[in-house]
Amino acid sequence: MEPLLLDVPEAIDTDRLHMRCPRAGDGEAFFDSITESAAHLRAWLVWPDELSTRELCERKMRERRAEWLRRELFHFLVLEKSSSALVGSVVVAHVEWKVPKCELGYWIVEKYGQKGYATEATRAAADFAFDALGMRRVQIRCEPANAWSRRVAERAGFVCEATLKNDIPPRDGDVRDAIVYAMTR
Amino acid sequence: MTIDPLLVDVPERIETERLVLRPARAGDGPMVQEAIEESFADLHEWVPWAKTLQPLETTEMVMRRSAANFAARSDLLFLLLLKENGRFVGGSGLHRIDWSVPRFEIGYWCRSSLHRRGYLTESTRALTKLAFDALGAKRVELHCDPHNVASRRVAEKSGFVLEAIMKNHARSPDGSMRDTCMYARIE
């Protein structure tokens, strides 16, 4: 199957969330939400530091849209239905069409934490990967010490497969281990 | 001054007197394929991409790739539709973009059953205006076969000036050598 010919929905609705492909103009809200959660995100992620201005965020959103249309990467902006607020993202990345398999990444704005939004969005993104993209394996990688991310993976139904030693590039210090969760169909 | 193409705002809908211009999207394949099939004899004579008639799937892929290129600002194809009834007229775009100048090459085609109505002159004027006013163009080029009288008329009616006829500059869809009329408008 030619990935370009796959009909991919550009939005998904769950009980409480609306998840959609980014578009021009989303940079502003994206910048505000990552800035608000900066300390919280920096504990585990490197990219928030790279998106340090509104312009860089706008650029990223437009790039993400083009990648989506090329069927290379599917970045969902996650919006709370009741308020339309941007509460985070779930990204279907490292798509390898030949297997086919992919990886999920997620983050939630600090003040919208503890509501189960990440789990809800991750489940929906996994279903999207299997049903809309035809993936056979969806994996989540995080650091063993990232208890929040591990809990999301487990609640979303992912199974812990392994801990990979020295797998993640160093952030202020030494290389890190990675814990791998997977779901297959 | 360097332009970051991704940050350039490009309108996703342009209206002229009789036409609506918009980027291609998933699902446009069948509409465009019908027009290509109707027009294949004309297209094959002049248009580089019309070497052979491609299947619907290929056309749909071209539309989807074009939507992605538009989002990435690497190539800006617009589909031309009649305002009146939405009928597909043809395609026209700003191609071979060099944002460092910025410079664009405009290309166009019109389905055979709607020739000789001035639609391409209308769309070419609109896209040239877009290039200069919204995209900061310093130069817009228009290449065509010297024997393609209809295309040259569109260029001239749209205010383009013939700068040169370049010898052995391209191949026709049938593989033979041909010269190219280099038309241009500058800011």
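The structure this text deals with has already been given above.
Now for a description of the structure that goes with this document. (Residues numbered from 1 in each chain as written. Chains lettered and ligands numbered in written order. Predicted model: local features only at pLDDT ≥ 70, side-chain atom pairs only at ≥ 80, totals over all residues. Heavy atoms only, no water.)

All names here are of chain A. Spatial ordering of the open sheet is given by E1-E2-E3-E4-E5-E6-E8-E7, a layout of 8 strands whose pairing is mixed. Lying at the two open borders of the sheet, with one neighbouring strand each, are strand E1 (11-13) and strand E7 (159-168). Averaged over neighbouring strand pairs, the angle between their axes works out to 25 degrees when direction is ignored. Sheet topology note: the strand E2 (residues 17-20)/strand E3 (residues 74-80) ladder contains 4 bridges and is antiparallel. (Pairing = 2+ DSSP bridges. Helix = DSSP H or I, 4+ residues; strand = E, 2+ residues; numbered from the N terminus. Axes fitted to C-alpha atoms, helices over the stretch in contact; angles between N-to-C directions.)

On to the pattern of salt bridges, then. One pass over the structure, following the stated rule, counts 38 salt bridges over all chains. For Arg54 of chain A, the salt bridge is made with Asp32 of chain A, and the minimal N-O distance between the two is 3.3 Å. A residue pair is termed long-range when its members are at least 10 positions apart, and Arg54 of chain A in helix H4 (residues 54-69) and Asp32 of chain A in helix H1 (residues 27-36) qualify at 22 residues. What makes Arg54 of chain A partly exposed here is its relative accessible area of 37%. For the salt bridge of Glu60 of chain B with Arg64 of chain B, the shortest nitrogen-to-oxygen distance reads 2.6 Å. Of the two residues, Glu60 of chain B and Arg64 of chain B are both situated in helix H2 (residues 56-72); the distance of 4 residues between them amounts to about one turn of the helix. (Salt bridge = Lys/Arg side-chain N within 4 Å of Asp/Glu carboxyl O. Buried < 20%, exposed > 50% of the residue type's maximum accessible area, 1.4 Å probe, protein only.)

What follows is about the sheet that holds strand E7 (residues 161-171) of chain B. All names here are of chain B. Taken together, the 8 strands give an open sheet; going across it, the order is E1-E2-E3-E4-E5-E6-E8-E7, and neighbouring strands pair in mixed fashion. Strands with a single pairing partner mark the edges of an open sheet, and in this sheet they are strand E1 (14-15) and E7. As paired elements, E7 and strand E8 (residues 177-186) share 7 bridges and run antiparallel to each other. Across the sheet, the residue bridging to Arg171 is Met177, located in E8.

A cluster of basic residues, Arg116, Arg125, Arg153 and Lys157 of chain B, forms a positive patch at the surface. Relative to the helices and strands, Arg125 of chain B is located in helix H3 (residues 119-134). (Patch = residues over 30% accessible without salt bridge, like charges linked within 9 Å, V, L, I, M, F, W, Y side chains within 5 Å. Areas by Shrake-Rupley, 256 points an atom, 1.4 Å probe, with all protein chains shown as cover. Lys, Arg positive; Asp, Glu negative; His and termini not counted. Charge placed at Lys NZ, Arg CZ, Asp CG, Glu CD.)

The next point concerns the packing of aromatic side chains. Pairs of aromatic rings are described using the distance from one ring centre to the other and the angle between the two planes. All names here are of chain A. Counted according to the given criterion, the structure contains 13 aromatic pairs over all chains. Seen from their ring centres, Phe30 and Trp47 are 6.2 Å apart, and the 25 degrees between their planes marks the pair as stacked. Taken together, the residues Phe30 in helix H1 and Trp47 in helix H3 (residues 47-50) connect sequence positions 17 residues apart. Here Trp47 falls in the partly exposed class, since its relative accessible area comes to 26%. (Phe/Tyr/Trp six-rings, centres within 6.5 Å; stacked < 30°, edge-to-face > 60°.)

Think of interface size as the accessible area that goes away when the parts come together; that is how it is often given. Taken residue by residue, the interface counts 15 residues in chain B and 15 residues in chain A. For the pairing of chain B and chain A, the buried interface totals around 1,300 Å² over both sides, and the portion due to carbon and sulfur atoms is 64%. Taken as a group, Leu6, Leu7 and Arg64 of chain B account for 45% of the area that chain B buries against chain A, more than any other trio of residues on that side. In this structure, the connection of chain B to chain A is made through 3 salt bridges. Counting every contact that joins chain B to chain A gives 8 residue pairs in polar contact (both at pLDDT 80 or more). Classifying every residue of the side of chain B that touches chain A by side-chain character gives 8 nonpolar, no polar and 7 charged. (Contact = heavy atoms within 4.5 Å. Buried area = accessible area lost by both parts, 1.4 Å probe. Polar contact = N/O pair within 3.5 Å; in protein donor to acceptor, adjacent residues only side chain to side chain. Nonpolar A, V, L, I, M, F, W, Y, C, P; charged D, E, K, R; others polar.)

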